[in-house]
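Structure assessment
So the chains spell out like this:
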Amino acid sequence: MSLLERESSDVVMTPDNIRTKRMSVVVNLGIAVAALAIAAAVVYGFGIGNYVLVVVLGVVFYLAGLQIVAGRIEGNRAARDRMVKALIYAACVLAILPLASVVWTLVSKGVGRLDGDFFGSSMNNIGARDPEGGAYHAIIGTLEQVGIATLMAVPLGVLGAIYLVEYGRGKFATTVRFFVDVMTGIPSIVAGLFILSFWVLIVSPWFNNGTPRFSGFAASLALTVLMLPTIVRSTEEMLRLVPGPLREGAYALGVPQWKTIVKVVIPTALPGIVTGVMLAVARAAGETAPVLLVAGGAASINFDPFAGGQQSLSLFVYQQAGDASRYAPARAWTAALTLVAIVLVLTVAAKLLARRNSLSK
Amino acid sequence: MAKRIEASNVSSYYGSFKAIDSVSMVVEPKTITALIGPSGCGKSTFLRSINRMHEVLPNARIEGSLTIDEQNIYDPDVDVTAVRRLIGMVFQRPNPFPTMSIYENVVAGLKLNGVKKKSVLDDAAEQSLKSANLWNEVKDRLGRPGAGLSGGQQQRLCIARTIAVEPQVVLMDEPCSALDPISTLAIEDLMFKLKDRFTIIIVTHNMQQAARVSDKTGFFSIDKTGDPGRLIEYDDTQKIFSNPNEKKTEDYITGRFG
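Within any chain, residue numbers begin from 1 and follow the written order of that chain's sequence. Working convention: letters from A go to chains and numbers from 1 go to ligands, in the order in which they are written. Only residues with pLDDT of 70 or above have their local features reported here, since the model is predicted, and side-chain atom pairs are shown and tallied only from 80 upward, although totals for entire chains, interfaces and linings are computed over all residues.

When you go through chain B residue by residue, the secondary structure sums to ten helices and ten strands. Using C-alpha atoms as the atom set, the radius of gyration is obtained and then compared with a globule rule of 2.2 Å times the number of residues to the power 0.38. Here the C-alpha atoms of chain B give a radius of gyration of 18 Å, agreeing with the 18 Å that 2.2 N^0.38 yields for 258 residues. Here contacts are defined at the residue level, using C-beta atoms placed from the backbone and a cut-off of 7 Å between them. Contacts in chain B between residues at least 24 apart in sequence constitute 70% of all its contacts with a sequence separation of at least 6. Counting from the N terminus, the helices are DSSP H or I runs at least four residues long and the strands are E runs at least two residues long.

Across its full length, chain A carries 14 helices and zero strands. In sequence order, chain A lays out its α and β elements as α-α-α-α-α-α-α-α-α-α-α-α-α-α. Against the globule reference of 21 Å for 361 residues, chain A gives a C-alpha radius of gyration of 29 Å, more extended than a compact globule. Projecting the C-alpha coordinates of chain A onto the three principal axes gives extents of approximately 95 × 70 × 35 Å. Whether a residue is buried, exposed or partly exposed is read from the other C-beta atoms within 10 Å of its own C-beta, which are placed from the backbone; 20 or more gives buried, 12 or fewer gives exposed, and intermediate counts give partly exposed. A burial count over chain A gives 34% of its 361 residues as buried. Taking as baseline every contact in chain A between residues at least 6 positions apart, the subset at least 24 positions apart corresponds to 70%.

Looking now at the sheet that holds strand β6 (residues 87-90) of chain B. Residues and elements named next belong to chain B. Read across the sheet, six strands follow the order β6-β7-β8-β3-β9-β10 without closing on themselves; strand pairing throughout is mixed. Each edge of the open sheet carries a strand with a single partner, namely β6 and β10 (230-236). Strand after strand, the sheet turns through a mean of 15 degrees between neighbouring axes, direction not considered. The rule for pairing is simple: two strands pair if DSSP sees at least two bridges between them. Two strands pair when backbone bridges link them, and β6 and strand β7 (residues 169-173) are joined in this way by four bridges, in the parallel orientation. Directly across from isoleucine 87, in β7, lies its bridge partner valine 169. Every axis in this analysis is a line fitted to C-alpha atoms, fitted for helices over the stretch in contact. Angles between the N-to-C directions lie between 0 and 180 degrees. Each of β3 (32-36), β6, β7, β8 (199-203) and β9 (216-221) touches helix α1 (residues 43-50); the most contacted strand, β8, lies at about 150 degrees to it. The sheet strands contacting helix α6 (residues 151-164) are β6 and β7, and the helix crosses β6 at an angle near 175 degrees.

By the criterion of burial, helix α3 (residues 102-112) of chain B is predominantly enclosed, with eight of the eleven residues buried. Note on α3(B): the residue one or two positions beyond its end, B:Gly114, has a positive phi of about 105 degrees.

Here we take up the sheet that holds strand β4 (residues 60-68) of chain B. All names here are of chain B. Read across the sheet, four strands follow the order β2-β1-β4-β5 without closing on themselves; strand pairing throughout is antiparallel. The open sheet is flanked by β2 (17-27) and β5 (71-72), the only strands paired with a single partner. Where strand β1 (residues 5-14) lies against β4, eight bridges are found, and the strand directions are antiparallel. Residue serine 12 lies in a different strand from β4, and its bridge partner there is isoleucine 62. Along the sheet, α1 contacts β1, β2 and β4; its crossing angle with β1, the most-contacted strand, is approximately 115 degrees.

This part is about the nonpolar core. All names here are of chain A. In this usage, the nonpolar core is the set of buried Ala, Val, Leu, Ile, Met, Phe, Trp, Tyr and Cys residues whose C-beta atoms join them within 7 Å. In this structure, Ala218 and Ala222 are the most contacted members of the largest nonpolar core, which totals 133 residues. By residue number, the principal contributor to this core is helix α9 (residues 216-241), which donates 14 residues. Alanine 222 has contacts with Ala191, Gly192, Ile195, Pro290 and Val294, leaving out every residue within four places of it along the chain. Counting eight residues, the second largest nonpolar core, distinct from the first, contains Ala39, Val43, Leu66 and Ala70.

Residue and element names in this part refer to chain A. Across the interface, α9 lies against helix α11 (residues 257-285) with an axial gap of 8 Å and an inter-helix angle of 155 degrees. Taken as axis vectors, α9 and α11 run roughly antiparallel relative to one another. Helix-helix and strand crossings are classified by hand; for α9 and α11 the assignment is right-handed. Facing α9, whose interface residues are Leu223, Leu226, Met227, Thr230, Ile231, Ser234, Thr235, Met238, Leu239 and Leu241, α11 presents Val265, Ala269, Gly272, Ile273, Gly276, Val277, Leu279, Ala280, Arg283 and Ala284. Angles are sorted into four bins: roughly parallel if under 35 degrees, roughly antiparallel if over 145, roughly perpendicular if 65 to 115, and oblique for all others. Left-handed describes a crossing whose near helix is turned anticlockwise from the far helix through less than a right angle; right-handed describes the clockwise counterpart.

The next thing to look at is the environment of A:Asn124. Residue and element names in this part refer to chain A. Position of asparagine 124 relative to the elements: it lies in the loop between α5 (116-120) and α6 (136-167). Judged by C-beta crowding, with 13 C-beta atoms within 10 Å, asparagine 124 ranks as partly exposed. Note: C-alpha distance between asparagine 124 and isoleucine 31 (93 residues apart in sequence) is 61 Å. Sequence-distant contacts of asparagine 124, defined by excluding residues within four places in its chain, comprise Ala299 and Ser300.

What follows is about the pairing of β7(B). A regular strand places its side chains on the two faces of the sheet in alternate fashion. All names here are of chain B. Extensive coverage of β7 is indicated by the burial of five of its five residues. Burial along β7 is two-sided: Val169, Leu171 and Asp173 and Val170 and Met172, pointing in opposite directions, are all buried. As paired elements, β7 and β8 share five bridges and run parallel to each other. Pairing of leucine 171 across the sheet is with isoleucine 201, part of β8. Clockwise travel from the first strand over the helix to the second, with the strands pointing away from the viewer, marks a crossover as right-handed. Handedness of the crossover joining β7 and β8 through helix α7 (residues 181-194): right-handed.

Further remarks concern the interface of chain B and chain A. Across the boundary between the two partners, chain B contributes 26 residues, which contact 19 residues of chain A. When contributions to the side of chain B that touches chain A are tallied by element, the ones reaching two or more residues are α2 (80-86), β6, α3 and α6 of chain B. Broken down by class, the residue content of the side of chain B that touches chain A amounts to 13 nonpolar, nine polar and four charged. Side-chain classes are defined by residue name, with Ala, Val, Leu, Ile, Met, Phe, Trp, Tyr, Cys and Pro counting as nonpolar, Asp, Glu, Lys and Arg as charged, and the others, Gly among them, as polar.

A score from 0 to 100, pLDDT tells how confident the predictor is in each residue. Of all residues in chain B, 98% have pLDDT values of 70 or greater, and the mean over the chain is 88. The complex prediction reports pTM at 0.81, with the ipTM value standing at 0.87.

For residues other than glycine, phi is negative in most cases, and the peptide bonds are mostly trans. Residues and elements named next belong to chain B. Even without being a glycine, asparagine 59 presents a positive backbone phi close to 70 degrees. Tracing the backbone shows asparagine 59 in the loop between α1 and β4. With a phi angle near 50 degrees, glutamate 166 is a residue other than glycine that sits in the positive phi range. Checked against the element boundaries, glutamate 166 lands in the loop between α6 and β7.

All names here are of chain B. Closest axis-to-axis distance for the α3/α6 pair is 7 Å, and the angle between their directions is 30 degrees. Relative to α6, α3 is oriented roughly parallel. Where α3 crosses over α6, the two elements pack in a sense that is right-handed. Only Leu157, Ala160, Arg161 and Ala164 of α6 make contact with α3, whose side of the interface consists of Ile102, Asn105, Val106, Val107, Ala108, Gly109 and Leu110. Residues of the contact of α3 with α6, tallied by class, amount to eight nonpolar, two polar and one charged.

A few words on helix α7 (residues 170-184) of chain A. Expected span, for any helix, means 1.5 Å times one less than how many residues it has. Taking 1.5 Å as the rise per residue, α7(A) with 15 residues should run 21 Å; its terminal C-alpha atoms sit 22 Å apart, in good agreement. By the criterion of burial, α7(A) is predominantly exposed, with just one of the 15 residues buried.

The structure is reproduced here in structure tokens:
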């Protein structure tokens, strides 16, 4: 008797027999059906819940049954393997379910107002009894505010990350990295308050005859504050992943450090950097509080991000969802759907662009 | 165009750790010099000191003087990129730039240093790939990614990239250690061919390779872990491998080390 056979009793295979019995799919399905049936009987028999509890209990019974039955047929190790695999699949489904549910709710409720009027008109002169009205002004606001914020945050963030990875040594770099980490956790309302007290109340009066005013640009500033740490951190991680020998390869050709960074390091890390930037853009596009605080929102179209209140999609959703009009919720759902669609399109476009630049397909 | 290198009392440090202690040697132009010795004895550190690649690592520094045709490359007014343009380097693992094609990899050094003319770049690419014995294998797929080649081809690509900028000296840090015997042979052939134009210094763990390719051989060793590496003996390869002066050298090359 080998050591394995003696010490590990559930080993079915021996040196003389390397084959093992497999549980058939039919048995597996049988266990699943039986588990669901028992769960249904228990739940409805005692009247303790509805179909959700049946599914949950069914999964638990299935896992237990799988362990017992498969253990009889295939041995304990194979049964554990089956059970853990089933557990992982269940966890995966559980994780995807809310996401699928969100998408389904958005599409099913948002499709009602997907018409030309929604994308072609604002909320100007729309009263509580009017079914029309649209988010044209909010779409413009979101695109302008997030666009300007991206234009400011991406160069700053990427350059900051390059400093931290390629040049930063000693105390100063450590301090910068620490504050970037702290900034990652700033609540968006605090960023909004900062811009409100600094830009709207102190700086904007200089450009407006001494009167403070809301503007889309102020919202961009607040979004920049929120995007910066995300971009710096993700870019930093991506740059650190670029192997040192690549840099040395370029140095050994007599290429200066800045050119090595621009032509070798950044292109290598580009797909990852783009992913990080898009995460930041998506977060910024979904922010409501700072826009409410410093851009104020508006019912009419305002193309100028530097003067006057401006709407944004997320703020539009917030306001319509809380509106008393019976037509408002439909507008809120469609606006939410539009916002998700914009972020999705931007992300896909950015990924395609980043991939076309690199040779590795 | 090949140049003479003279190291006198070179000591390299990583922070407070002394990696090599007072190495002096003269490398004549258009020769191949092999550096051999056990792992951790400072061969690579010394090699990296010759083109100032040592200082890329944080807290690394060097003492002593290293001259190339009478110019000390460690003088404060020396431009480090100029030194590296003069002294090229091939690394242990092939490191083609992953975002560039084969063609772009070969001309990377020229292009990034400001050469723009297409005809000049095309010529340089073809000449360097031919010198690196790679032209026939890749001439039909110059636009494909450099990282898609086999290991041996990648290493020859890196050699082509290095000689495309026409350095005076080529440093090779165990260039064949990740390659099969056939690719190794191809690179050794290549070294003989390049000897007419460049001064070559190669670090290798393969004693037969050192004996086959080099004119002179330097043997590095350490007494025990933590001690700095020292140059034990430096002489004609013939002499080192048949009748070395030092007992340590003889022990090492006959495999009786330690």
